[in-house]
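# Understanding the architecture of this molecule
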Amino acid sequence: RDQKEKELQERERLLNITSFALNKTSEMIYWVRMDGTFISVNQALCDKSGYTKEELMQKNLNELFINVPKEVLAARWEKVRNGENLIGEAPMSTK
């Protein structure tokens, strides 16, 4: 039991460090579901879009990144399904 408790504490510590790092970077980082709804957004996305985290969590990726053709989005999702990271630029709607 003590070992499991230590493992849980270590996981929580690493999660806190990861969360801190993601929110302190100047790069916009977000996680989305396949339907485009946000799972998590970092502070840089909030700062650059003008929306709060709560507002962004109510939005869809397609509402924020406008004028991205559906074919491009489909190709990006295919890369994600294949285990690739997405890095790129797209026009973004701001508040």
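Residues numbered from 1 in each chain as written. Predicted model: local features only at pLDDT ≥ 70, side-chain atom pairs only at ≥ 80, totals over all residues. Heavy atoms only, no water.

Each helix and strand in the chain was counted, giving five helices and two strands. Helices and strands appear in the chain in the N-to-C order α-β-β-α-α-α-α. Its C-alpha radius of gyration of 16 Å places the chain more than 25% over the 12 Å reference for a compact globule of 95 residues. Counting across all 95 residues of the chain, residues that qualify as buried make up 20%. In the chain, of all internal contacts separated by at least 6 residues, the share reaching a separation of at least 24 is 34%. Each charge sign in the chain was given a centre, from 15 positive and 15 negative side chains, and these centres are 1 Å apart. (Helix = DSSP H or I, 4+ residues; strand = E, 2+ residues; numbered from the N terminus. Rg over C-alpha atoms; globule rule 2.2 N^0.38 Å. Buried < 20%, exposed > 50% of the residue type's maximum accessible area, 1.4 Å probe, protein only. Contact = heavy atoms within 4.5 Å. Lys, Arg positive; Asp, Glu negative; His and termini not counted. Charge placed at Lys NZ, Arg CZ, Asp CG, Glu CD.)

On to the confidence of the model for the chain, then. Per-residue confidence for the chain averages 88 on the pLDDT scale, and 100% of its residues sit at or above 70. Helix α3 (residues 53-57) holds the highest mean pLDDT among the elements of the chain, 95, whereas helix α5 (residues 70-81) holds the lowest, 83. (pLDDT = per-residue confidence, 0-100.)

As for its position among the elements, Phe38 is in strand β2 (residues 38-41). You can call Phe38 buried: its relative accessible area is 2%. Taking the C-alpha atoms as reference points, Phe38 and Met57, 19 residues apart in sequence, are found 5.5 Å from one another. Dropping the residues within four chain positions of it, Phe38 is found in contact with Tyr30, Trp31, Val32, Arg33, Leu45, Leu56, Met57, Lys59, Asn60, Leu61 and Leu64.

Phe38, Val41, Leu45, Leu56, Leu64 and Phe65 are the most contacted members of the largest nonpolar core, which totals 13 residues. Counting residues per element, the ones that place at least two in this core are β2, α2 (43-49), α4 (61-64) and α5. If near-sequence neighbours (up to four positions away) are discounted, Phe65 is found in contact with Tyr30, Leu45, Ala90, Pro91 and Met92. (Core = buried A, V, L, I, M, F, W, Y, C linked by side-chain atoms within 4.5 Å.)

What follows concerns the layout of surface pockets. With a probe scaled to a water molecule rolled over the atoms, the places where space remains empty come into view. Of the volumes computed, that of the largest pocket is approximately 930 Å³. Residue assignment for the lining of the largest pocket shows that the elements contributing at least two residues are β1 (30-32) and α5. For the lining of the largest pocket, the element with the highest residue contribution is α5, accounting for six residues. Of the residues assigned to the lining of the largest pocket, the class counts are 14 nonpolar, two polar and six charged. (1 Å grid on protein atoms, 1.4 Å probe; cavity = no way out; pocket = protein on both sides within 12 Å on 5 of 7 lines; lining within 4 Å. Points joined across faces, edges and corners; volume = space filled by probe spheres on them. Nonpolar A, V, L, I, M, F, W, Y, C, P; charged D, E, K, R; others polar.)

A complete count under the given rule lists four salt bridges for this structure. Here Glu10 makes a salt bridge to Arg13, at a shortest N to O gap of 2.8 Å. Of this pair, Glu10 and Arg13 both sit in helix α1 (residues 2-24), separated by three residues, roughly a single helical turn. Residue class for Glu10 comes out partly exposed when judged on its relative accessible area of 35%. The partly exposed category is assigned to Arg13, whose relative accessible area is 42%. (Salt bridge = Lys/Arg side-chain N within 4 Å of Asp/Glu carboxyl O.)

Taking 1.5 Å of rise per residue, twelve residues should cover 16 Å, and α5 covers 16 Å from first to last C-alpha, within 8% of that figure. Looking one or two residues past α5, Gly83 carries a phi angle of roughly 85°, positive in sign. (Expected span 1.5 Å × (residues − 1).)

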